[in-house]
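# Summary of the model geometry
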Amino acid sequence: SHIEHGLKQAISRHELRLYYQPQVDSNGTMFGVEALLRWQKANGELVSPEQFIPVAEESGLINEIGLWVLQQACRQLVSWQQSSQTQALSIAINVSARQFLRSNYAAEVLYELTQSGARGERLKLELTESAVLQDVDAAKQKILQLKAVGVQFSLDDFGTGYSSLAYLKQLPVDQVKIDRSFVKDVTDNSGDAAIVEAILGICDSLALEAIAEGVETATQRDFLLQHGCGNFQGFFFSKPLPIEELMATFFPHS
Ligand code: G
Ligand code: G
Ligand code: MN
Ligand code: NA
């Protein structure tokens, strides 16, 4: 397709960039970021991942792109490891089902961690239900292999899929990410509030950490805090930023 051809060129022309969106705790302290892919064309135009990730997934280019994202994230972690101000920061990256389902995925991540010198404990992999549900046993194997070197796991877009909750207790993940579609109206829609409370209840029972995404207002943050969610990401705190802006904003003296 047209966009697939463009995407191949984007890779060879180094037009892909990572933006970083802060993740904060209940005190508002940034403990890490989510890395979000951007395609910046030569003319400056930004193409949203919503447009090109599906194409990358269908064509298989996502494997190449995903490896690049992992390498960039590891490089950034190594840079942060050099300074006491930034050495505790983590980076969460999005992993497509197509990437995660490959038999050598875990080996690939282990290799990149070793090559780069990035600490596994600082890397978080965001998986979707579609990545883990096709073969829960295989997913569990890969997760355990990576957890052995400290890598953390988060279930992205939680609550939007079709699965039963039974799989959740089988998966050795660390965190559940409450989808922003539930956060959006959490303070004025009783249905969304009920769903968020239910997710937080499950997290509490299963000793999983919860993080809410798409937090845009103090009211949403306060509701989430009051219901036991202590980790946040969203425009209320910061939009995704290029690395230079992230550092200038949050670590101006580093
Ligand atoms: O940043 P933004 O809201 O535009 O991202 C849109 C979608 O693209 C989100 O669902 C996000 O998970 C996905 N996405 C962003 N970066 C990556 C990436 O590096 N890999 C994959 N697989 N998906 C990504
Ligand atoms: O599916 P995933 O969770 O990876 O998607 C993250 C996407 O959500 C990113 O594209 C990011 O730009 C977007 N995003 C981040 N914070 C907010 C927010 O507060 N509101 C909205 N509407 N989108 C957000
Ligand atoms: Mn995500
Ligand atoms: Na999400």
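Positions within a chain are numbered from 1, following the residues in the order the chain's sequence is written. Chains and ligands are labelled sequentially in the order written, the chains with letters from A and the ligands with numbers from 1. Whole-chain, interface and lining totals are the exception, using all residues; otherwise, since this is a predicted model, local features are given only for residues with pLDDT of at least 70 and side-chain atom pairs are given and counted only at 80 or more.

The chain carries the name EAL domain-containing protein in an unreviewed UniProt entry, which gives Shewanella dokdonensis as its organism.

Attention now goes to the site of ligand 1. Each residue receives a C-beta atom placed from its backbone. It is near a molecule or strand if this atom lies within 6 Å of it. Residues in close proximity to ligand 1 include Leu 36, Leu 37, Ser 48, Pro 49, Glu 50, Ile 53, Val 69, Ile 93, Asn 94, Ser 96 and Pro 240, which together make up its full environment. Strands here are runs of E lasting at least two residues and helices are runs of H or I lasting at least four, both read from the DSSP assignment and numbered beginning at the N terminus. Looking at which element gives the most residues to the shell around ligand 1, the answer is helix α2 (residues 49–59), with three residues. Here the shell around ligand 1 is composed, by residue class, of seven nonpolar, three polar and one charged. Under this grouping Gly is polar, as are all residues other than the nonpolar Ala, Val, Leu, Ile, Met, Phe, Trp, Tyr, Cys and Pro and the charged Asp, Glu, Lys and Arg.

Turning to the site of ligand 2, a few remarks are in order. Near ligand 2, the surroundings consist of 13 residues, among which Asn 94, Gly 214, Glu 216, Gly 234 and Phe 235 are the closest. Residue composition of the shell around ligand 2, grouped by class: four nonpolar, four polar and five charged.

The subject of this paragraph is the pairing of strand β2 (residues 30–40). Two faces make up the sheet, and in a regular strand the side chains alternate between them. Two strands qualify as a pair provided that DSSP identifies no fewer than 2 bridges between them. Here nine bridges tie strand β1 (residues 16–24) to β2, and the two strands are oriented antiparallel to one another. Directly across from Pro 22, in β2, lies its bridge partner Val 33. Sheet topology places β2 next to strand β4 (residues 90–94); three bridges connect them, and they run parallel. Bridge assignment links Glu 34 to a residue of β4, and that residue is Ala 92. In this structure, the hairpin formed by β2 and strand β3 (residues 46–47) is closed by a connection of five residues, where Gly 44 is found at a positive phi of approximately 95°.

Confidence scores per residue from the predictor, reported as pLDDT, run from 0 to 100. Put simply, the chain has an average pLDDT of 95, and 99% of its residues get 70 or more. On the interface metric, ipTM, the complex scores 0.95, and its pTM is 0.97.

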